[in-house]
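Structural overview for review
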Amino acid sequence: MTVSLKLYNTLTRQVEEFKPLNPPHVGMYTCGPTVHDFAHIGNLRTFIFEDLLQKVLEAEGYKVVRVMNLTDIEDKIIKKAKEKGVSLEEFTTPYELAFFEDLRKLNIKYADIYPKATEHIGGMVKYIEVLVKKGLAYVAEDGSVYFDISKFPEYGKLSQLDKREVKAGARVKADEYSKEDVQDFALWKSVDPGEVGYDSPWGRGRPGWHIECSVMSQQYLGETFDIHGGAVDLIFPHHENEIAQSEGKTGKQFSMFFVEGEHLLVNGQKMAKSLKNYFTLRDIEAKGFEPLALRYLALTAHYRDKLNFTWKSLQAAQNALNNLREEVRDWDQSKIGCAEYERRFFNAVDNDLNVPQALAILWELVKSDYPTSAKAESLLKFDKILGLKLDEYLGKPLEVPEEVQKLVDQREKVRKNKDFQKSDELRDEIKKMGYEMEDTPTGPKVKKVL
Ligand SMILES: [Zn+2]
């Protein structure tokens, strides 16, 4: 395979050639879930994009070490756990398990390390101490510690903030805030007696959200690593703050690449619980769709384009996935693939992950006149990246239940006798059982439908 991956880098706003610091190793950090709820399909789209990136890197021969944090302490978690009257751990554990279950169902490869914020408090305190000592952070009267953005002249370089927007001296303690609030942000938040907190040189408190990612990424990947990923809404303030903390501390570049995936919209709108357009994988499964249909849908849009989710688009993705499986059921496999298609496929994914184009090339291959054995070899290579689990279908004819097969045989008989009304009735009955018939020159072909 040629190593020629090009990736868009938010730091430079350009598509650049990707070259790791220590080939063949690639250090990759992606911001993980805040485990206060089930992941919504927008989060899942981001996780699928990051998985595609990892799989493309691995297809190029790189050895990826991937770290993804689990935010198990932050404002919302503390509030919700308190409302429920349970400990943080009791509150977050079910959502943490659900997160891993979602990844498994979407065929997303697990990261190598999932550090938890609550298990790295000591490291965060030490890190903040260095920032205070360097004069980049200050202790407020209530014992909270803030990062002084005026002491880091490069603040805003990732999100390309206009410096005039920066409010000197203003500060924010909340974990999440809007783009309008360009202020000193909390590294350590003092807490009232009785609230969840840890001892520190500044009194009882807890870490802010942003410091987590600087500490845990650098602990496992070093002071400078190759790729930092996440969703676009993390560019500001989260990733910007991570850069300020990390580069302020080390004086070295934090991550060589920042790669952020675009949002998912539902019916053209931003997802929100208040709009009742907020869905999780559970909602999708409850409607009878497979999780892999969501993965397929995610493949149809470039990661830097918004993806519009509708139930109709999900149905189209499920149908396309079903059709693809049916295409490959009677294929056998050889050692020789279709070189031309492979070249085009890998050119597409290497070009800033042009996965929608790669998916179109896969379909071209499927419909081409090459021997199925050669197509099979290439298809499986493609699916190592796309992750649609086609190996479970390739060369494995559909097992049609006996009662369905009986109806199919019966229909063949009445059709031959030109009893078309009865034939149509039987076709409807078969459909109700979840199967569809296609009349081919070699006889009826049965397909599974959703
Ligand atoms: Zn993060």
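Note that the coordinates shown come from a computational prediction; the quantities given were computed from them, not determined experimentally.

1. Remarks on helix 14 (residues 420-432)
In a regular helix each residue adds 1.5 Å, so 13 residues correspond to 18 Å; helix 14 covers 18 Å between its end C-alpha atoms and thus fits that length. For helix 14, the secondary structure elements touched by its buried residues are helix 13 (402-416) and strand 15 (435-440). Directly after helix 14, the chain includes G434, whose backbone phi takes a positive value near 95 degrees.

2. Focus on the layout of surface pockets
The volume enclosed by the largest pocket comes to roughly 1,100 Å³. Surrounding the largest pocket, 38 residues form its lining, H40, N43, K76, E176 and D233 being those nearest its centre. Counting residues per element, the ones that place at least two in the lining of the largest pocket are helix 1 (41-59), helix 3 (88-105), strand 10 (225-231) and helix 6 (235-250). At 5 residues, the largest contribution of residues to the lining of the largest pocket is made by helix 1. Per-class residue counts for the lining of the largest pocket are 19 nonpolar, 10 polar and 9 charged.

3. A few points about the domain arrangement of the protein chain
By the assigned domains, the protein chain splits into domain 1 (19-261), domain 2 (271-392) and domain 3 (402-448). For domain 2 and domain 3, the distance between their C-alpha centres works out to 29 Å. The partner domain 3 presents 4 residues to the 4 residues of domain 2 that form the contact. Summed over both partners, the interface of domain 2 with domain 3 comes to about 300 Å²; 37% of that surface belongs to carbon and sulfur atoms.

4. Overview of the UniProt feature "domain: Cysteinyl-tRNA synthetase class Ia DALR" (unreviewed entry) in the protein chain
Those residues carrying the UniProt feature "domain: Cysteinyl-tRNA synthetase class Ia DALR" (unreviewed entry) are residues 344-394 in this numbering. End C-alpha to end C-alpha, residues 344-394 measures 22 Å, and it is 69% helix and 0% strand.

5. Some details on the nonpolar core
Core analysis: the biggest nonpolar cluster contains 80 residues, and L7, I41, L57, I227 and F309 have the highest contact counts within it. Among the elements that make up this core, the one with the highest residue count is helix 1 (9 residues). Per-domain counts for this core show at least three residues from each of domain 1 (19-261) and domain 2 (271-392). Leave out the neighbours within four places in its chain, and I41 touches L264, V266, M271, F279, T280, I284, L294 and F309. Ranked by size, the runner-up nonpolar core spans 48 residues in total, among them L131, V182, W209 and I243.

6. Observations concerning the pattern of salt bridges
Counting across every chain of the model gives 31 salt bridges. Here E285 makes a salt bridge to K105, at a shortest N to O gap of 2.9 Å. Taken together, the residues span a long stretch of sequence, with E285 in helix 7 (residues 281-286) and K105 in helix 3 at a distance of 180 residues. On the basis of relative accessibility, which here comes to 29%, the residue E285 falls in the partly exposed class. What makes K105 partly exposed here is its relative accessible area of 25%. Between D199 and R204 there is a salt bridge, with the nearest N and O atoms lying 3.4 Å from each other. D199 sits in the exposed class, given a relative accessible area of 63%. Its relative accessible area of 42% is what places R204 among the partly exposed residues.

How each quantity is defined
- Residues numbered from 1 in each chain as written.
- Predicted model: local features only at pLDDT ≥ 70, side-chain atom pairs only at ≥ 80, totals over all residues.
- Heavy atoms only, no water.
- Helix = DSSP H or I, 4+ residues; strand = E, 2+ residues; numbered from the N terminus.
- Expected span 1.5 Å × (residues − 1).
- Contact = heavy atoms within 4.5 Å.
- 1 Å grid on protein atoms, 1.4 Å probe; cavity = no way out; pocket = protein on both sides within 12 Å on 5 of 7 lines; lining within 4 Å.
- Points joined across faces, edges and corners; volume = space filled by probe spheres on them.
- Nonpolar A, V, L, I, M, F, W, Y, C, P; charged D, E, K, R; others polar.
- Domains from an automatic or database assignment.
- Buried area = accessible area lost by both parts, 1.4 Å probe.
- UniProt positions renumbered as here; feature names shortened; annotations may be inferred.
- Core = buried A, V, L, I, M, F, W, Y, C linked by side-chain atoms within 4.5 Å.
- Buried < 20%, exposed > 50% of the residue type's maximum accessible area, 1.4 Å probe, protein only.
- Salt bridge = Lys/Arg side-chain N within 4 Å of Asp/Glu carboxyl O.

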